[in-house]
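Working through the structure, step by step
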Amino acid sequence: MLNVAGEPPGDSWGIFAFLCAALCNLPTVPALNGTEELGAGQSIQKTYDLTRYLEHQLRTLAGTYLNYLGPPFNEPDFNPPRLARAERLPSATVDLDLWRGLTDNARLAANYRAYSRLLKYLRGLDSQVGTVELRHRLGHFCSSLQGLVLSIAGVMSSLGYPLPAGPAGPPPSSGTPAAPNDFLKKMDDFWLLKELQTWLWRSAKDFNRLKKKVPPAVVTLRIEARGF
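Structural notes, computed from the coordinates. None of the values given here were measured: they were computed from a predicted structure. (Residues numbered from 1 in each chain as written. Predicted model: local features only at pLDDT ≥ 70, side-chain atom pairs only at ≥ 80, totals over all residues. Heavy atoms only, no water.)

Glycine aside, residues mostly have negative phi, and peptide bonds are mostly found in the trans state. In this chain, Pro71 is followed by Pro72 through a cis amide linkage whose omega measures 0 degrees. By the element assignment, Pro72 lies in the loop between α2 (35-69) and α3 (96-100). (Helix = DSSP H or I, 4+ residues; strand = E, 2+ residues; numbered from the N terminus.)

This is how it looks when you write it as structure tokens:
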């Protein structure tokens, strides 16, 4: 008589007994761990999505803030030269070929430092604007940008890169002279928004390329020899 699988009953039990004995006598097998690959891929995707969200959020915020500053800052063709005062901001105007020639670690560290520093300037704006709605929007954007800083730190950790020692340069409240007049103060705010826009545009491209370099998540089998 054959069983459902079409094999003699005695042979089936013999195969089952053999497998049980083999599993019981297996040495401890180091688990193949796909956690790092999976964690890195998820972290990079999350950071990319957050960067794109911040790009969208900044377009609305910048329009509202430039209207708050008034003319000529809210005029579409306003394109002033970069003043010496703006040099204290982390610049994203590095040549693209040079930027792409950096290692992943170097680009991630530059992004981490830049957003940490830009966030401090933005929080300074939050305490200065005169309208409740604009303060609310700035506060929401600052929270999202803080999330991006933490997310970049997570990507670096998942890839085994150390975090930078700290933001490049002194904090905005230390050694940064106040603008001598209202126009230059508005110019500072204008360049802050412009640099943020450029950083986010470039970061989105960085993380899009990076997620293509990380191998897809691997489902691994973990076997523990504990017997039956």
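Right, let's get into the packing of helix α5 (residues 132-158) against helix α6 (residues 182-213). Axis separation between α5 and α6 bottoms out at 14 Å; the angle between their running directions is 35 degrees. In terms of crossing hand, the pair formed by α5 and α6 is left-handed. Along the contact surface, α5 presents Phe141, Leu145, Leu148, Ile152 and Val155, while α6 presents Leu196, Leu200, Phe207 and Leu210. (Axes fitted to C-alpha atoms, helices over the stretch in contact; angles between N-to-C directions. Left-handed = near helix turned anticlockwise from the far one by under 90°. Contact = heavy atoms within 4.5 Å.)

Another point: the pattern of salt bridges. Applying the stated criterion across every chain yields a total of 8 salt bridges. Of the charged contacts, one joins Arg52 and Glu55 as a salt bridge, the two residues approaching to 2.9 Å between their closest N and O atoms. Taken together, the residues Arg52 and Glu55, both in helix α2 and 3 residues apart, mark about one turn of the helix. Note on Arg52: relative accessible area 43%, which makes it partly exposed. Assessed through its relative accessible area of 14%, Glu55 is described here as buried. (Salt bridge = Lys/Arg side-chain N within 4 Å of Asp/Glu carboxyl O. Buried < 20%, exposed > 50% of the residue type's maximum accessible area, 1.4 Å probe, protein only.)

A few words on α5. With 27 residues, α5 should reach 39 Å at 1.5 Å per residue; the first-to-last C-alpha distance of 39 Å fits that figure. Taken from the residues just after α5, Gly160 is the one with a positive phi, measuring 80 degrees. (Expected span 1.5 Å × (residues − 1).)

Here the focus is the nonpolar core. Counting 50 residues, the largest nonpolar core has Tyr115, Leu122, Phe141 and Leu145 as the members making the most contacts within it. Going through the elements one at a time, α2, α4 (104-126), α5 and α6 are the ones with two or more residues in this core. Filtering out sequence-adjacent residues up to four positions away, Leu145 remains in contact with Leu54, Tyr115, Leu119, Leu122 and Leu196. (Core = buried A, V, L, I, M, F, W, Y, C linked by side-chain atoms within 4.5 Å.)

Quick look at the environment of Asp95 now. Looking at the element boundaries, Asp95 is found in the loop between α2 and α3. A distance of 3.0 Å separates a polar side-chain atom of Asp95 from the backbone nitrogen of Asp97. (Polar contact = N/O pair within 3.5 Å; in protein donor to acceptor, adjacent residues only side chain to side chain.)

Mapped onto the elements of the fold, Asp188 is located in helix α6. Spatially, the C-alpha atoms of Asp188 and Leu83 are 8.8 Å apart, while their sequence positions differ by 105 residues. Side-chain polar atoms of Asp188 contact the side chain of Arg88, separated by 3.0 Å.

Attention now goes to the packing of aromatic side chains. What the rule picks out here adds up to 8 aromatic pairs. Here Phe73 and Phe183 contribute two aromatic rings whose centre-to-centre distance is 5.3 Å and whose plane-to-plane angle is 40 degrees, an arrangement assigned as tilted. Of the two residues, Phe73 is situated in the loop between α2 and α3 and Phe183 in helix α6; the sequence distance between them amounts to 110 residues. Centre to centre, the rings of Phe78 and Phe190 are 5.2 Å apart; their planes meet at 70 degrees, and the pair counts as edge-to-face. Here Phe78, found in the loop between α2 and α3, pairs with Phe190, found in helix α6; they are 112 residues apart in sequence, far enough to count as distant. On the basis of relative accessible area, Phe78 is assigned to the buried category, the value being 19%. Among the residues examined, Phe190 registers a relative accessible area of 8% and is labelled buried. (Phe/Tyr/Trp six-rings, centres within 6.5 Å; stacked < 30°, edge-to-face > 60°.)

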